[in-house]
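# An overview of the molecular structure
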Amino acid sequence: MDEHIIQDDDEDRDAIASLSSVPPPQLKIHSYSQQLRATSAQKRFQRVRKHSLDDIPKAPGLFYNNDDSSEDEFFPYSSSSNNAPSAEEHIITHSQRLDQNLSLEGCPDDPRHCHPLPEFIAASGGTGIFKVPKRATVHPARPPCLELRPHPLRETQVGKFLRNIACTDTQLWAGQECGVRFWRFQDAYEPGLGAKVRRGDEDAAPFQESTNTSPTMCLLVDSGNRLVWSGHKDGKIRSWKMDHPPDDPSPFKEGLSWQAHRGPVISIIMSSYGDLWSGGEGGAIKIWPWESIEKSLSLRPEEKHMAALLVERSFIDLRSQVTVNGNCSISSSDVKCLVSDHVRAKVWCAQAVSFSLWDARTKELLKVFNIDGQTENRVDMPSAQDQPALEDEMKVKFVSTSKKEKSGGFLQRSRNAIMGAADAVRRVATRGAGAFAEDNKRTEALVLTADGMIWSGCTNGLLVQWDGNGSRLQDVIHHPCAVQCFCAFGTRIYIGYVSGMVQVMDLEGNLIAGWMAHNGPVIKLAAGNGYIFSLATHGGIRGWNISSPGPIDSLLRSDLAEKESIYLRQDNVRILIGTWNVGQGRASQESLISWLGSVASDVGIVVVGLQEVEMGAGFLAMSAAKESVGLEGSSIGHWWLDTIGKALDENTTFERMGSRQLAGLLVSLWVRKNIRMHVGDIDAAAVPCGFGRAIGNKGGVGLRIRVFDRLICFVNCHLAAHLEAVNRRNADFDHIYRNMVFTRSSNLLNNAAAGASAAVQTLRATNAAGVNAEETKLDLAEADMVAFFGDFNYRLFGISYDEARDFVSQRCFDWLREKDQLRAEMKAGKVFQGMREAIIRFPPTYKFERHRPGLAGYDSGEKKRIPAWCDRVIYRDNRSGPVSECSLECPIVSSILLYEACMDVTESDHKPVRCKFHSTIAHVDRSVRRQAFGEIIQTNKKVRSLLDELRYVPETVVSTNSVVLQNQDTSILRITNKSDKDKAVFKIICEGQSTVKEEEEVADYRPRGSFGFPRWLEVTPAAGVIKADQSVEVSVHHEEFHTLEDLVDGIPQNWWCEDTRDKEVILKVIVQGSCSTETTSHQIHVRHCFSAKTVRMDSKSNNYRKGQGQGGSLRQLSSSSDTTTDDSRN
């Protein structure tokens, strides 16, 4: 017995000596190896020799795929070769080289930090969710686009997020959290301003920005007065002039502004009569008559305060008008959106689960109805009585009601507490899912289409079509995600979804096309300059040609691919990943420097994963019941973050970007400051796997970042324990891989993004029926690189404790690898499918006695747990095969430079492991590519020919160009489509009104807001679609209009009553094709003559072509058009 102990101590001393950087003397083979050789070890060692990977000289970059059918391919020497060394020589040679690899004194100049290590590749990686995502020079699954504002890193947008967009004739305006900005279409293809603008806008096309204001909630284009109106979070409505000198770089200032609501102004529109309608919180709807706005606009700048006061006192509160004895006819929920029905002079107000329909002229409430089309007489106030019950579920109580329960002991009580918390989490999740099911029909967006129909979009992807009177016609679902926005152009309807999808429908609701426009929710769409512009929640703006998908896409795609060399860029980044099961202990600063700081001098990104940071039963229960423990981190978690930060020289060399804790799991990420500007968009995720998938004692936490516009995910895992639980470990990995959904931090997001994130997660959790697999790709499956690390708990099988200790002491890791459960499961394609791991050349990292250095520290207690490689780092990049060159088709190619355990760290029963990657990342210079895109648009003859075809406008004829009306008269205007192949989309606007003087002189024509009609004139329908070779009749009617006295601000106001006598207006009929970028127009002079005298009007030729890019008022044409030949007489 004593001799055995002495032998063991000698062996341990040899093991410790081998950890120095200088190779030790030739090792003797004795101890356990002699005993094994005396029995049946000879065959086993011959087998080791056959399978050894460690003694074979390998060329850099050589990868070993364990899916090979023949094991002989791993070893170049045949058994009969005279050059084959003996078994002992193999072990000794391997031992000497491993001694050097185990050194912790390495530096970046060490050759082992420069040459890639051989890798083992798991099977079954080319199919299903484990298939490497496809990448291409130009995305093959969507039309080529104009990146007006490329995706900015989210961290650069704090306080500057874009919320909405709108188009004028020549500009695209965007509302942001600090004001507004606009781009000129003529500058759309110009290079970015680089360092002249703040971070996030370096690659964007040149733009101009306003002075700082409260966050912009909505935008409205008023082409009649060359203004853009904006509603803001502070309750103000502001006006901005469209015409700004392009050479003035200074921020432009607002014009007229006034306090419209106490809370945010959520939506604003101009009615058919030029009045401005605004909607806010609590169902508030106000009207700001055009007469007061016009008078305020005419005041001098020094009278700005008086102008604001004039408008503020003129409002009409519609909610108060429909409230009787405290009962209001409309809902008290926030206004989602307002839509002006120019066809019938009505206004739609959409709230979460109800609609109200108003007469734009009389301002009367016409109808209130719900999402199912059922008319409602009264809307009850929402009740919050269920809220306390929900909060009660989140409270975890630890109560022992009898001595019998206490007799179970501490462990039993701890288990009961954890199981109780898990049950509470499941009940809350179930209730939350039920609440979502009840609200999945909430209206999110509303649009008026060219045929006069209204379409609404819901949180479950439901699209509902309504007629102009609020009758529900049909509903369709083309994509099972929440609808975020609409845009109508010509005879097409564009839908933006929370998933990033954009779809195109025809007027009947049939799906024409769809593509993933962004990697985040599409929160706004706008039409202008021949493009449909989409705004994503991260602030990126892309323009899609109005003919897409079509022949122009293939031309643009091929030409852009040919110009790849112009905009292709490559950068190299080194990434250090460290994993350590700390066993609820704490580490010294020296240990952390030894583990991380000593090898971080040449890395750009450091990722650290810890397991068992804190594992008390009470902590596990509370972290399960209160997710804020995970989001904010525990006090011990913060201690680890601060201590590791000191080891990495945080704030001087590195910057901490983010972390995520789930019970005892903690993952954190640091970035070197010199590459910080290229790294961002950090998102976090957590998936519990313990106790019914509800407790975080086992599970995974992840961080996702964008590096040079490529997504990389880091997942820290702690899988099921115990030797026999292989299938549970495999199932844990599969559960984490399928359910890890990355969400954004609430303090970095606008409301749209926060809602989007929840909707995506709910969609995946519910596994909605009919979801296309291509549409619900997993977050981890879509990343360009994924790294899993942590305590995977896979053990060595088919080997005893003594045998394992013996082979570890001999550094014979080649044979031990064959006994590794994880290697066997990866080889069988059951776990980490298609992923890679460097060949292990360090001792097993589990289980050790604390504070015992070297290999002598392996567990020698009663249980004598078999040493195992529990702590691992496994990854995949964009390569679909063993070797691939880095390109835009394979944008991330990584290799492992260092993979080792830190054997001198003794604060835990696990040894920390570190892995250093060298990653080459291919990406696009987006400013240069936008220039290339513009060059193709402007110079390619085939592209120009296709664009010229979009200028086609059907020929139309108007029956007259002059109309004379007396009191209550009606005249019929006939518009005929002479084309036999295309539909004509028309809209009628009022260019201005003037008073006819006694001498028959006509004063200047002054337009109302958005070219609205005067109140005495009714034009029905004012927009519509005319089929080929057909005509539509438009009623032009005079209606006496007497304004009733309204109490405004407590004072009777009727000064805006119009004198309808002897007025003349110019109506303009604007016509475009079903998908055309140009318009033609006809002018009709309409005179109201109060007296019976005959009025002669000169007939003038007024049919002229307006060759301009589509935008501004034309967008409103496509969004406000209506009727067909049959509908026009209704």
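What comes next concerns the included structure. Nothing here was measured: the structure is a model prediction, and the numbers come from that model.

When you go through the chain residue by residue, the secondary structure sums to 26 helices and 56 strands. Across the 1130 residues of the chain, 60% fall into the buried class. Excluding contacts between residues fewer than 6 apart, the proportion of contacts in the chain whose partners are at least 24 apart in sequence is 68%. Working note: accessible area of the chain is about 45100 Å², and carbon and sulfur atoms make up 48% of it.

In spatial order, the strands read 22-23-24-25; together these four strands make up an open sheet with antiparallel pairing. Each of the sheet's edge strands pairs with one partner strand only, and the pair in question is strand 22 (443–448) and strand 25 (472–477). Neighbour to neighbour, the strand axes of the sheet diverge by 20° on average, direction disregarded. Bridge analysis of strand 23 (residues 454–458) against strand 24 (residues 462–466) gives four bridges, and the strand direction is antiparallel.

Burial runs high along strand 26 (residues 483–489): seven of the seven residues are buried. Bridge count between strand 26 and strand 27 (residues 492–497): six bridges; the pairing is antiparallel. When the bridges of strand 27 are listed, phenylalanine 489 appears paired with arginine 492. In sequence, strand 26 turns back onto strand 27 through a hairpin of two residues, with glycine 490 there showing a positive phi of about 60°.

Topologically, valine 608 is positioned in strand 34 (residues 605–611). Distance from valine 608 to leucine 669, taken between C-alpha atoms, is 6.5 Å for residues 61 residues apart in sequence. For valine 608, the residues in contact, after removing those within four places along its chain, are Gly578, Trp595, Leu596, Ile644, Leu666, Val667, Ser668, Trp670 and Phe789.

For helix 11 (residues 551–562), spanning twelve residues, the distance from its first C-alpha to its last is 18 Å, which sits close to the expected 16 Å at 1.5 Å a residue. Residues of helix 11 that are buried include every one of Ile552, Asp553, Leu555, Leu556, Asp559 and Leu560, and no others. Taken around the axis of helix 11, the buried residues stretch over an arc of 165°, which confines them to a single face. Every exposed residue of helix 11 that faces more than 90 degrees away from the buried side is listed here: Pro551 and Glu562. Lining the buried residues of helix 11 we find strand 32 (541–545), helix 12 (564–567), helix 24 (926–939) and helix 25 (941–949).

Okay, the pairing of strand 51 (residues 1031–1038) next. Counting buried residues along strand 51, seven of its eight residues qualify, which places the element largely inside the surrounding structure. In the sheet, strand 47 (residues 970–977) pairs with strand 51 via seven bridges, with the strands oriented antiparallel. By the bridge assignment, serine 971 is partnered in strand 51 with valine 1036. Direction of pairing for strand 49 (residues 1017–1020) relative to strand 51: antiparallel, over a ladder of four bridges. Note that in strand 51 the partner of leucine 1017 across the bridge is histidine 1038.

Time to look at the nonpolar core. Note that soluble globular proteins tend to have their nonpolar side chains buried in a common cluster. With 57 residues, the main nonpolar core has Leu172, Trp183, Phe533 and Ile541 as its most contacted residues. Counting 53 residues, the second-largest nonpolar core is a separate cluster that includes Tyr858, Tyr899, Phe917 and Ile921.

Before going further, it helps to examine the packing of helix 11 against helix 24. Contact pair helix 11 / helix 24: the axes reach a minimum separation of 10 Å and the direction vectors enclose 130°. Comparing their axes, helix 24 and helix 11 come out oblique. When you trace helix 11 past helix 24, the crossing you get is right-handed. Counting all contacts with helix 11, which are made through Leu556, Asp559 and Leu560, the residues of helix 24 involved are Arg929, Ala932, Phe933, Ile936 and Ile937.

Under the definition given, this model contains 55 salt bridges. Here aspartate 372 ties to arginine 472 by a salt bridge, and the two come within 3.8 Å at their closest N and O atoms. In this pair, aspartate 372 sits in the loop between strand 21 (365–370) and helix 8 (387–394) while arginine 472 sits in strand 25, placing the two residues 100 residues apart along the sequence. Among the residues examined, aspartate 372 registers a relative accessible area of 42% and is labelled partly exposed. Close ionic contact of aspartate 475 with arginine 472 constitutes a salt bridge, the shortest N to O distance being 2.8 Å.

So, about the packing of aromatic side chains. One pass over the structure, following the stated rule, counts 34 aromatic pairs. Aromatic pair phenylalanine 733 and tyrosine 737: ring centres 5.8 Å apart, planes at 40°, arrangement tilted. Remark: tyrosine 737 and phenylalanine 733 occur in helix 18 (residues 726–739); sequence separation between them is four residues, near one turn of the helix. Here phenylalanine 733 matches tyrosine 737 in class, with each residue buried. Centre to centre, the rings of phenylalanine 733 and phenylalanine 788 are 5.2 Å apart; their planes meet at 65°, and the pair counts as edge-to-face. In this pair, phenylalanine 733 is assigned in helix 18 and phenylalanine 788 in strand 40 (residues 785–791), connecting sequence segments 55 residues apart. A relative accessible area of 2% means that phenylalanine 733 is categorised as buried. You can call phenylalanine 788 buried: its relative accessible area is 0%. Through a chain of ring-to-ring contacts, three or more aromatic side chains come together here, namely Phe130, Phe733, Tyr737, Phe788, Phe792 and Phe832.

On to the environment of aspartate 1062. Along the polypeptide, aspartate 1062 turns up in the loop between strand 53 (1051–1053) and strand 54 (1063–1073). Given the relative accessible area of 26%, aspartate 1062 is considered partly exposed. Between the alpha carbons of aspartate 1062 and cysteine 1089 there is a distance of 4.6 Å; along the sequence they are 27 residues apart.

Thresholds applied
- Residues numbered from 1 in each chain as written.
- Predicted model: local features only at pLDDT ≥ 70, side-chain atom pairs only at ≥ 80, totals over all residues.
- Heavy atoms only, no water.
- Helix = DSSP H or I, 4+ residues; strand = E, 2+ residues; numbered from the N terminus.
- Buried < 20%, exposed > 50% of the residue type's maximum accessible area, 1.4 Å probe, protein only.
- Contact = heavy atoms within 4.5 Å.
- Areas by Shrake-Rupley, 256 points an atom, 1.4 Å probe, with all protein chains shown as cover.
- Pairing = 2+ DSSP bridges.
- Axes fitted to C-alpha atoms, helices over the stretch in contact; angles between N-to-C directions.
- Expected span 1.5 Å × (residues − 1).
- Arc of directions from axis to C-beta.
- Core = buried A, V, L, I, M, F, W, Y, C linked by side-chain atoms within 4.5 Å.
- Parallel < 35°, antiparallel > 145°, perpendicular 65-115°, else oblique.
- Left-handed = near helix turned anticlockwise from the far one by under 90°.
- Salt bridge = Lys/Arg side-chain N within 4 Å of Asp/Glu carboxyl O.
- Phe/Tyr/Trp six-rings, centres within 6.5 Å; stacked < 30°, edge-to-face > 60°.

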